[in-house]
Amino acid sequence: MTDHNLELDGLLQEAEDRLQERFRQIDLTARQNQKKVLQAFWDERVSSSDLSGSTGYGLDDLGRDKLERIYAEAFGAEAALVRPQIVSGTHALRLGLFGVLRPGDEIVFATGKPYDTLEGVIGLRPVSGSLAEWGVSHQIVPLRDDGEVDMPRVLALISPRTKAVFFQRSRGYAMRPALSIRTLRACFLEVRKVAENVVIMVDNCYGEFVESLEPSAVGADLVMGSLIKNPGAGIMTTGGYVVGTAEAVSHAAEQLTAPGVGGEYGPTHDFLRPLYQSLFLAPHVVGQALKGSLLAAYVLERLGLAVSPRWEEEKSDLILSIIFGDANKLLAFCRAVQSTAPIDSFVRPEADAMAGYDDPVVMAAGTFVQGASLELSADAPMRPPFIGYLQGGLTYEHVYLAVSRIAEELRSLPKH
Ligand SMILES: *Cc1c(COP(=O)(O)O)cnc(C)c1O
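How each quantity is defined
Residues numbered from 1 in each chain as written. Predicted model: local features only at pLDDT ≥ 70, side-chain atom pairs only at ≥ 80, totals over all residues. Heavy atoms only, no water. Domains from an automatic or database assignment. Buried area = accessible area lost by both parts, 1.4 Å probe. Salt bridge = Lys/Arg side-chain N within 4 Å of Asp/Glu carboxyl O. Polar contact = N/O pair within 3.5 Å; in protein donor to acceptor, adjacent residues only side chain to side chain. Helix = DSSP H or I, 4+ residues; strand = E, 2+ residues; numbered from the N terminus. Near = heavy atom within 4 Å. Nonpolar A, V, L, I, M, F, W, Y, C, P; charged D, E, K, R; others polar. Expected span 1.5 Å × (residues − 1). Buried < 20%, exposed > 50% of the residue type's maximum accessible area, 1.4 Å probe, protein only. Contact = heavy atoms within 4.5 Å. Axes fitted to C-alpha atoms, helices over the stretch in contact; angles between N-to-C directions. Parallel < 35°, antiparallel > 145°, perpendicular 65-115°, else oblique. Left-handed = near helix turned anticlockwise from the far one by under 90°. Pairing = 2+ DSSP bridges.

Colleague: How do you make sense of the domain arrangement of the protein chain when you look at a structure like this?
Modeller: Think of interface size as the accessible area that goes away when the parts come together; that is how it is often given. Domain annotation for the protein chain reports domain 1 (3-32 + 280-411) and domain 2 (53-269). Between the C-alpha centres of domain 1 and domain 2 there is a distance of 26 Å. Taking both sides of the interface into account, the surface hidden between domain 1 and domain 2 amounts to around 2,800 Å²; carbon and sulfur atoms contribute 61%. Considering only the side of domain 1, the residues that lose the most area to domain 2 are Ser-316, Asp-317 and Tyr-357, jointly responsible for 20% of the buried surface there. Viewed at the interface, domain 2 and domain 1 are joined by one salt bridge. For Arg-182, the salt bridge goes to Glu-314, with nearest N and O atoms at 2.8 Å. Linking domain 1 to domain 2 there are 12 residue pairs in polar contact (both at pLDDT 80 or more). Listed by contribution, the elements that provide at least two residues to the side of domain 1 that touches domain 2 are α2 (20-43), α9 (272-302), β9 (320-323), β10 (361-364), β11 (377-381) and β12 (387-391). The element that contributes the greatest number of residues to the side of domain 1 that touches domain 2 is α9, accounting for six residues.

Colleague: Teacher, can you tell me more about the site of the ligand here?
Modeller: If you check the shell around the ligand, you find Ser-88, Gly-89, Thr-90, Leu-93, Tyr-115, Gln-168, Asp-203, Cys-205, Tyr-206, Ser-226 and Lys-229 and nothing else. Side-chain polar atom of Lys-229 to an oxygen atom of the ligand: 2.9 Å apart, as the coordinates give it. In terms of residues, the shell around the ligand owes the most to one element, helix α4 (residues 89-100), which gives three residues. Counted by class, the shell around the ligand contains four nonpolar, five polar and two charged residues.

Colleague: I tried to follow helix α3 (residues 62-74) on my own but got confused; where do I start?
Modeller: Counting along an α-helix, one turn takes 3.6 residues, and residues three or four places apart therefore face a common direction. In a regular helix each residue adds 1.5 Å, so 13 residues correspond to 18 Å; α3 covers 18 Å between its end C-alpha atoms and thus fits that length. Every buried residue of α3 is accounted for by Gly-63, Arg-64, Lys-66, Leu-67, Glu-68, Ile-70, Tyr-71, Ala-72 and Ala-74. Considering only its buried residues, α3 is in contact with α2, β1 (79-83), β7 (240-244) and α9. At the C-terminal side of α3, Gly-76 shows a positive phi close to 65°.

Colleague: What exactly am I supposed to notice about the packing of α3 against α9 here?
Modeller: Geometry of a packed helix pair, given as the angle between the helix axes and the separation of the axes. Taken N-terminus to C-terminus, the directions of α3 and α9 make an angle of 15°; their axes are 11 Å apart at the nearest point. With respect to each other, α3 and α9 are oriented roughly parallel. You can see that α3 and α9 cross each other, and the crossing is left-handed. Along its contact with α3, which presents Gly-63, Arg-64, Lys-66, Leu-67, Ile-70 and Tyr-71, the element α9 presents Leu-272, Leu-275, Tyr-276 and Leu-279. Its residues assigned to classes, the contact of α3 with α9 shows seven nonpolar, one polar and two charged.

Colleague: Whenever I open this one, the sheet that holds strand β8 (residues 306-308) confuses me. Can you help?
Modeller: Paired through their backbone hydrogen bonds, the strands of a sheet run either parallel or antiparallel. Sheet architecture is open: five strands sit in the order β8-β9-β12-β11-β10, paired in antiparallel fashion. The sheet terminates laterally at β8 and β10, the two strands that pair on one side only. For this sheet the average axis-to-axis angle between neighbouring strands, irrespective of direction, equals 20°. On the sheet, α9 packs against β8, β9 and β12 and is oriented at approximately 15° with respect to β9. Contacts from helix α10 (residues 327-339) reach β9, β10, β11 and β12 within the one sheet, and its direction differs from that of β10 by about 30°.

Colleague: What should I look at first to understand the environment of His-284 in this one?
Modeller: If you trace the backbone, His-284 turns up in helix α9. On the accessibility criterion, His-284 (44% relative accessible area) is partly exposed. Separated by 102 residues in the primary sequence, His-284 and Arg-182 have C-alpha atoms spaced 22 Å apart.

Here it is in structure tokens:
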């Protein structure tokens, strides 16, 4: 073994020692979430006949209906729509937005410009069928410089036309903090005080099971996410969910199928078993990813990089942002992650254009499920200051190996 490797092993050992208390908190949250999910399984008396699935219209799919009641209970909501026909998080969000908003309405985005793929949905870019084209206007309130929601501005923008206020929990592709459940709860209360009937919507992508409560349990009316992220536990190969009030969820369901048909239709094919199994596994797998993210934060910071959130800081999503300040370092990072992936480890990532995103994007995505980012993955839009986003990890052990490879690669780059 070289001195180099010994040093690296020492650093990883130091990281794990310092992270013991954080890891203990993560275990505790995973246990609380496991209990919550299992309690819902027990309350609904899940049996093996619930796992078989349906075809065609999917009418009277009792296993699907039961699964949706379980999601509702676990997320602290009245109702849920959990379907393999929802093709992505953006699709789930679009169902919620088009379900709730009508021509002439306005929506206030309280956490700045929403996630890149929603720009087309809202009509920030001219796209056919966007909310703007349907006569729905929007206001965007940027986060304050300290990362807090600018609640005075949000409240000031709420008018009789305001039908919905939208919060994005996770940082997405932006250098901003994720919002904790405590913060979200406080914001929701303030919104309710000035506008009792406004629909509070949350993009919950990457947030599920990171804390012991979901936004729907602390006052949100409609919460949406992707099953190839947290709640799919790495098992789901497609799907999305919408949870919230019975009324808002039914509006979203009308958008998924057809007005008047709603959630009654929707075959589950062979998806019910993995849908149940993934929800059962999700609290644990999210805990694995969180531990991996803290390890990466600690080690990369010790290698001189600015990361967010720092290892001591609270997390409310799975994403770690790393400022590389240099295109080559960013590429080396993505390539190191790719090289430790179970699939396509031999592939060398390059930056390329991608639908829904403005800048070329470089990705490390050696995943079992295409694009699944609860699996260890890294992505970065190629623009200064060259921020890389690292997320996921189905097992802590895999992330450990990847972090160690990233550290090796970064240290072997020529200095300048
Ligand atoms: C992943 C994600 C989405 C949805 O993206 P899809 O690729 O459509 O699933 C939306 N918002 C945030 C913050 C996300 O991380």
